[in-house]
Amino acid sequence: LAAQVADPTRGWKHVGLELRKLFLGSPKPILAISAAGAIPFYSELPAIDMFGLTDAWIARHGLPIGSTPGHQRFATVEYLKSRHADLVIPFPRVLPSADVTPGSIQALLCSTPFFDVMLRQRSEFPKGARVIALPMGADGALLAFQFFPHPAVDSLVASGRARVFDVPEICGG
């Protein structure tokens, strides 16, 4: 776990610091995220813990996903909409920018933990939801669902710093 947090180009501390830079001095988007410790701490962004460790509603009513302590329930799309989560990051994994292409986006999402849980709820996504690849340093990208328009996120897209993709239909299986 220490390496997952501390890796200087892919770790959760890096992700948090990059998110802080991206949204410094702008209206702060609300994150919904599974790694709700290091990333919200370093990003200084408001966050919803998708596993419910710090969110009683998810802990009691979230989708059952397994038996691992702390990872038994997961946020529902309906709940994230009610909390107005702007960016939903089911699993923060920094990918090489070259790997994030229109042709590979479904495979990437379907092979990244917990994105499939969200895609199974696709019919509940807000109208206009999209996949966004946020820049993470010189050659990295972080995949997220953008549920709602947000001026700071939309500015990144308009400037070409963030890339947008359609939400895939669903993962196989």
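Parameters and conventions
Residues numbered from 1 in each chain as written. Predicted model: local features only at pLDDT ≥ 70, side-chain atom pairs only at ≥ 80, totals over all residues. Heavy atoms only, no water. Helix = DSSP H or I, 4+ residues; strand = E, 2+ residues; numbered from the N terminus. Rg over C-alpha atoms; globule rule 2.2 N^0.38 Å. Buried < 20%, exposed > 50% of the residue type's maximum accessible area, 1.4 Å probe, protein only. Contact = heavy atoms within 4.5 Å. Areas by Shrake-Rupley, 256 points an atom, 1.4 Å probe, with all protein chains shown as cover. Lys, Arg positive; Asp, Glu negative; His and termini not counted. Charge placed at Lys NZ, Arg CZ, Asp CG, Glu CD. Salt bridge = Lys/Arg side-chain N within 4 Å of Asp/Glu carboxyl O. Pairing = 2+ DSSP bridges.

(A) Representation of the overall build of the protein. Across its full length, the protein holds 8 helices and 9 strands. Computed over the C-alpha atoms, the radius of gyration of the protein is 15 Å, within 12% of the 16 Å expected from 2.2 N^0.38 for a compact globule of 173 residues. Taking the principal axes of its C-alpha atoms as reference, the protein extends roughly 40 × 35 × 30 Å. Evaluated residue by residue, the protein yields a buried proportion of 47% over its 173 residues. Expressed as a percentage of contacts within the protein between residues at least 6 apart in sequence, the contacts between residues at least 24 apart total 61%. Total accessible area on the protein stands at roughly 8200 Å², and carbon and sulfur atoms take up 56% of it. Mean positive and mean negative side-chain charge positions of the protein (16 and 14 charges, respectively) differ by 3 Å.

(B) Here's a closer look at the side chain of Gln-121. Its location among the elements puts Gln-121 in the loop between α7 (115-119) and β7 (130-135). The contact partners of Gln-121, leaving out residues within four places of it in the chain, are Leu-63, Ala-75, Thr-76 and Val-77.

(C) Just the pattern of salt bridges, in detail. Under the criterion given, the structure shown has 7 salt bridges. We note a salt bridge from Asp-154 to Arg-130, for which the minimum N-O separation is 3.0 Å. Note that Asp-154 is positioned in helix α8 (residues 151-158) and Arg-130 in strand β7, a separation of 24 residues in sequence. Judged by relative accessible area, which is 21%, Arg-130 ranks as partly exposed.

(D) Local environment of the pairing of strand β8 (residues 140-146). Most of β8 sits inside the fold, with 7 of its 7 residues counted as buried. Of the two faces of β8, both are covered, the one formed by Gly-140, Leu-142, Ala-144 and Gln-146 as well as the one formed by Ala-141, Leu-143 and Phe-145. Two strands pair when backbone bridges link them, and strand β5 (residues 87-89) and β8 are joined in this way by 2 bridges, in the antiparallel orientation. Within β8, the position partnered with Leu-87 by the bridge is Gln-146. Relative to β8, β7 is paired through 6 bridges, and the arrangement is antiparallel.

(E) Quick look at the environment of Thr-68. One can find Thr-68 in the loop between β3 (63-64) and β4 (73-74). Thr-68 sits in the partly exposed class, given a relative accessible area of 48%. Between the alpha carbons of Thr-68 and Ile-170 there is a distance of 25 Å; along the sequence they are 102 residues apart.

(F) Structural view of the pairing of β7. Of all 6 residues in β7, 5 are buried; the element is thus mostly enclosed. Counted along the chain from β7 to the antiparallel partner β8, the turn is 4 residues long, and its residue Gly-137 has a positive phi close to 75°.

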